[in-house]
Amino acid sequence: MRQRSLLSKLTLPLLMVSLVSCSNESTTQPEPTLAEELQAALDNGIETYGGKGISVAVMIPGEETWVGVSGVSYGTTPITTDMLFSAGSITKTFTAMTVIQLAEEGVLTLEDSLYEWVPDYLNIDNTITIRQLLNHTCGIYNFTENSELWAAIFADLTRSWMMEEVLSNYVLDPYFPKGTGWHYSNTGYLLLRLIIREAAGTDISTQYRERFFEPLGLDRSFLAVEEALPGNVAHGWFDLDGDNIYDDFSNIPANAFYTAIGGGVFSTPEDLAKWAKALFHDRLVLSQQYFDQMIDFHTPTPGEPLVYGYGLGAIWFSPELFNNLEVWGHGGNPLGYAAGCLYLVDYGVCIGIMDNTEEGETMPVINDILSVITNHLDQTS
C-alpha cells in the first residue's frame, strides 16, 4: 500500500503536467496572418473612428494584393471590394501625367505659356507656364474658394458647366505674381485640362483611358460625365443642409459638381494602388528625366500643413501624417467622399484607400494599416 501510495504521489504531478500541456496545445491559437491583421485594423477603424464605409487595397512587393472593406454604402448594404468611389483631386495625377507625356512626345513643353494654348481670362496672367500650373506656383485664385460659385452650383444641380464659364466668371485676383509663392489652385488644373483638350485634340477621358486606364489594367476607373459609370458606386454622404447630419449625396443630381469642379475620376482602391505602383514604384508612366521633375517637390506649401512638398501633380505628404514615414501620392476630398493614393517610399508599398463620407471620418485608420504593414515587413526583412 505504501509503495502504491508513493507511486501515486510521483505519477499524479506528472499526469497533471501532461494534462496542462495538452490543454495549452489545444487552446494555443495560430498567429494571425497579415490579411487577418489588416482586416481587423479596418473593422476596428469603423468602430473607433465612425463614418460609414471604408475600402482599402495594399500592394506589397513580392506578396499578393490585399483588398479589404468594412462598413456600409447605405442602410444595411455593405461596402464591397468592387465598389467605385469618387477619387476627387487624385484626378490631378492623371491630368498632370497626361500633360507631361505630351511634353515627352514634343507636343508641348512645360515652359510653354498659357497664351500659346488657351484664350485670355480676367485675373489670369497669360504668361504663366504649364510647369507653374502643375506645381501650384502660378498664383491663380482657386475658384473653389469662391462662395458665389458654390451658390450657383446649388442653385441648379442638374446644370452642365463649361470649363470656360468657370474661368470667365469665378476667378478673383491672384494670390501673388507667378512663381513667387505657392497656393493650391484647382483653377490651374482646370486650365491644364483645357490645354490637354487643345493639344491632344480629344476628350480628356480618351486621353486618360488610352494612356493609363487600359494599358495599366485600371479596369474600374472612369471619368464621370464624359464616361458612363457602372451601377456599383458606393453612396457618398455629405451634410447638405448644415444640420450636422449626413445626407445621402447619391440621391441628388451631381452633374453640376463634376462639370464645374473637374475632379471627376471614379475608381476603386485597388486601381489606385495599381496606379501608385505604375507611377512611383515601377516607373512605367514617365521617363527618368520627367520622373525626376515630377518629384522635384516645391516647399514650403503654405496653408497645407499635411503637405510637405508638391511636385508636378504629386504630393510629398508631411511625415507627421503617416507614422513619420515618407509617403508620396495624392489625396482627394470630393463632396461625399475622401480618398488617398499612397506610395511608401522606403518600403515600396502602394496603397489605395477610399471612404464614403465628406469628412473622411474613417480615414485615420490608415495609420493602423501602416503599423500592421511596417511591423510585418520589419519582422520578415
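Refer to the structure printed above.
Residues numbered from 1 in each chain as written. Predicted model: local features only at pLDDT ≥ 70, side-chain atom pairs only at ≥ 80, totals over all residues. Heavy atoms only, no water.

A.B. asks: Give me the packing of helix α3 (residues 91-104) against helix α8 (residues 204-213): which residues, what numbers.
C.D. replies: Interaxial distance between α3 and α8 falls to 10 Å at its minimum, and their mutual angle equals 80°. Relative to α8, α3 is oriented roughly perpendicular. Residues Thr91, Phe94, Thr95, Met97, Thr98, Gln101 and Leu102 of α3 form the contact with α8, whose participating residues are Gln207, Tyr208, Arg211, Phe212 and Phe213. Residues that form the contact of α3 with α8 fall into these classes: 6 nonpolar, 5 polar and 1 charged. (Axes fitted to C-alpha atoms, helices over the stretch in contact; angles between N-to-C directions. Helix = DSSP H or I, 4+ residues; strand = E, 2+ residues; numbered from the N terminus. Parallel < 35°, antiparallel > 145°, perpendicular 65-115°, else oblique. Contact = heavy atoms within 4.5 Å. Nonpolar A, V, L, I, M, F, W, Y, C, P; charged D, E, K, R; others polar.)

A.B. asks: Which residues make up the sheet that holds strand β5 (residues 222-223), and what values go with them?
C.D. replies: Taken in spatial order, the 3 strands of this open sheet run β4-β8-β5, and their pairing is antiparallel. Looking at the sheet topology across the chains shown, the edges are occupied by β4 (85-86) and β5. Two strands pair when backbone bridges link them, and β4 and strand β8 (residues 265-267) are joined in this way by 2 bridges, in the antiparallel orientation. Within β8, the position partnered with Phe85 by the bridge is Ser267. (Pairing = 2+ DSSP bridges.)

A.B. asks: For the packing of aromatic side chains, give the residues involved together with the corresponding values.
C.D. replies: As enumerated under the stated definition, the model contains 24 aromatic pairs in all. Considering the side-chain rings of Phe85 and Tyr337, the 6.2 Å spacing of their centres and the 75° angle between planes classify their relative orientation as edge-to-face. Of the two residues, Phe85 sits in strand β4 while Tyr337 sits in the loop between β11 (327-332) and β12 (338-344), which places them 252 residues apart along the sequence. The exposure class of Tyr337 is buried, given its relative accessible area of 3%. The structure contains a cluster of three or more aromatic residues connected by ring pairs, namely Phe280, Phe297, Tyr308, Trp316, Trp328 and Tyr343. (Phe/Tyr/Trp six-rings, centres within 6.5 Å; stacked < 30°, edge-to-face > 60°. Buried < 20%, exposed > 50% of the residue type's maximum accessible area, 1.4 Å probe, protein only.)

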